[in-house]
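Fold and geometry: a report
One letter stands for each residue in the lines below.
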Amino acid sequence: MSRWEDELAELARARGRALVGYAYVLCGDQRLAEDLVQDALVKVFARLRRGTSGEARGGAGVHPLDGGGTSEAYVRRAILTLFLDEHRRTKRWAAARPLVATADRTRGAASGATARADVAAALGRLAPRERACVVLRYLEDLTVPQVAEALGLAQGTVKRYLADATATLRDVLRVADDGTGRTTTTTTGRRAGR
């Protein structure tokens with residue numbers, strides 16, 4: 001095996017789950033997350049297969065983009081780019097898609113599984129750029145300037161996306177009193193009893 005194949009195999013073995021988890025937080029669907037990771041791996045390592053690596057040119061380094069970073073960083077960036085690109089491609093077709101009626105609220109006990117489902121549903125209501133900002137800021141623990149650089153946006157735009165996303169998440173995930181003294185988590189911001 002060549003060096004790039006070894007690096008790809010090691011990255012998939014050691015960090016595959018973390019990469020899928022990162023993609024899942026962005027898109028909210030396990031299968032789509034796995035597809036995003038696979039597509040990102042192909043995108044990052046495809047040039048190496050065609051022989052445009054540093055080795056093929058006589059240079060050092062496994063990846064042609066070597067500049068002190070890691071292959072995982074390139075793959076994470078590719079995941080984010082692929083997620084945003086897919087949304088841009090499907091955005092105009094969303095209006096033409098047949099709409100299916102869904103429940104406008106979710107009611108349940110305050111368990112870990114329910115809270116997880118509520119957070120996933122709340123993240124699903126965010127626009128892709130808002131969701132990307134939230135993931136990079138709070139999951140990846142990047143600063144606002146780092147998020148702005150990663151997404152190619154102005155810092156003020158990132159702050160606005162974060163403020164809008166926080167307001168949406170706060171409204172969607174707030175705990176409402178259902179009139180019986182018990183509290184329930186809603187996913188619409190309305191009382192669960194209605």
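Use the structure listed above.
This structure is a prediction, so every number in the text was calculated from the model and none was measured.

Helices and strands together make up the secondary structure of the protein, namely seven helices and two strands. Taken from N to C terminus, the helices and strands of the protein fall in the order α-α-α-α-α-α-α-β-β. Counting every position in the protein, which comprises 194 residues, the buried fraction comes to 32%. A separation of at least 24 residues holds for 60% of the contacts in the protein among residues at least 6 apart in sequence.

Our focus in this paragraph is the packing of helix α5 (residues 128–139) against helix α7 (residues 155–173). Two elements in contact, α5 and α7, have axes whose closest approach is 9 Å; the angle formed by their N-to-C orientations is 95°. With respect to α7, the element α5 is oriented roughly perpendicular. Residues Arg-129, Glu-130, Cys-133, Val-134, Arg-137 and Tyr-138 of α5 touch α7, and the partners they reach there are Val-158, Tyr-161, Leu-162, Asp-164, Ala-165 and Thr-166. Residue classes in the contact of α5 with α7 are distributed as seven nonpolar, one polar and four charged.

Another aspect to go through is the side chain of Glu-72. Relative to the elements of secondary structure, Glu-72 occurs in helix α3 (residues 71–91). A relative accessible area of 16% places Glu-72 in the buried class. Each residue touching Glu-72, except ones within four places of it in the same chain, is listed here: Leu-11, Arg-15 and Leu-19.

Membership of the largest hydrophobic core comes to 40 residues, with the highest contact counts inside it found for Leu-26, Val-75, Ile-79, Leu-80 and Leu-151. Per element, the largest residue contribution to this core is eight residues, and it comes from helix α1 (residues 3–27). Excluding its chain neighbours within four sequence positions, the residues that come into contact with Leu-151 are Arg-77, Leu-80, Leu-84, Arg-129, Ala-132, Cys-133 and Leu-136.

Turning to the layout of surface pockets, a few remarks are in order. When its volume is computed, the largest pocket comes out at roughly 400 Å³. Around the largest pocket, the lining is made up of 19 residues, and of these Cys-27, Leu-32, Phe-83, Glu-86 and His-87 lie nearest the centre. Looking at the lining of the largest pocket, the elements that each hand over two or more residues are α1, α2 (30–49), α3, α4 (112–124) and α5. For the lining of the largest pocket, the element with the most residues is α3, which contributes six residues. Each residue belonging to the lining of the largest pocket can be placed in one class, and the counts come to 10 nonpolar, three polar and six charged.

Here we come to helix α6 (residues 144–151). Residues of α6 that are buried include every one of Val-144, Val-147, Ala-148, Ala-150 and Leu-151, and no others. Mapping the buried residues of α6 onto a view down its axis gives an arc of 165°, with all of them on the same face. The elements touched by buried residues of α6 are α3, α5 and α7. Where α6 ends, the next residue or the one after it, Gly-152, has phi of about 70°, a positive value.

Take Arg-76: it is sitting in helix α3. Under the relative-accessibility criterion, Arg-76 is labelled buried at 15%. Setting aside chain neighbours within four positions, we find Arg-76 in contact with Arg-15, Ala-18, Leu-19, Tyr-22 and Glu-140.

Turning our eyes to something else, we now look at α5. Relative to the 16 Å expected for 12 residues at 1.5 Å per residue, α5 spans 15 Å between its end C-alpha atoms, a close match to the ideal helical length. Looking only at α5, the buried set comprises Pro-128, Glu-130, Arg-131, Ala-132, Cys-133, Val-134, Val-135 and Leu-136. Just past α5, the residue Asp-141 takes up positive phi, approximately 60°.

On to the pattern of salt bridges. Evaluation of the coordinates by the stated rule reveals six salt bridges. Of the charged contacts, one joins Arg-15 and Glu-72 as a salt bridge, the two residues approaching to 3.0 Å between their closest N and O atoms. Linking Arg-15 in helix α1 with Glu-72 in helix α3, this pair joins segments that are 57 residues apart in sequence. Using a relative accessible area of 33% as the deciding quantity, one classes Arg-15 as partly exposed. If you follow the salt bridges from partner to partner, you end up with Arg-15, Glu-72, Arg-76 and Glu-140 in one network.

Reading the values: rules and limits
- Residues numbered from 1 in each chain as written.
- Predicted model: local features only at pLDDT ≥ 70, side-chain atom pairs only at ≥ 80, totals over all residues.
- Heavy atoms only, no water.
- Helix = DSSP H or I, 4+ residues; strand = E, 2+ residues; numbered from the N terminus.
- Buried < 20%, exposed > 50% of the residue type's maximum accessible area, 1.4 Å probe, protein only.
- Contact = heavy atoms within 4.5 Å.
- Axes fitted to C-alpha atoms, helices over the stretch in contact; angles between N-to-C directions.
- Parallel < 35°, antiparallel > 145°, perpendicular 65-115°, else oblique.
- Nonpolar A, V, L, I, M, F, W, Y, C, P; charged D, E, K, R; others polar.
- Core = buried A, V, L, I, M, F, W, Y, C linked by side-chain atoms within 4.5 Å.
- 1 Å grid on protein atoms, 1.4 Å probe; cavity = no way out; pocket = protein on both sides within 12 Å on 5 of 7 lines; lining within 4 Å.
- Points joined across faces, edges and corners; volume = space filled by probe spheres on them.
- Arc of directions from axis to C-beta.
- Expected span 1.5 Å × (residues − 1).
- Salt bridge = Lys/Arg side-chain N within 4 Å of Asp/Glu carboxyl O.

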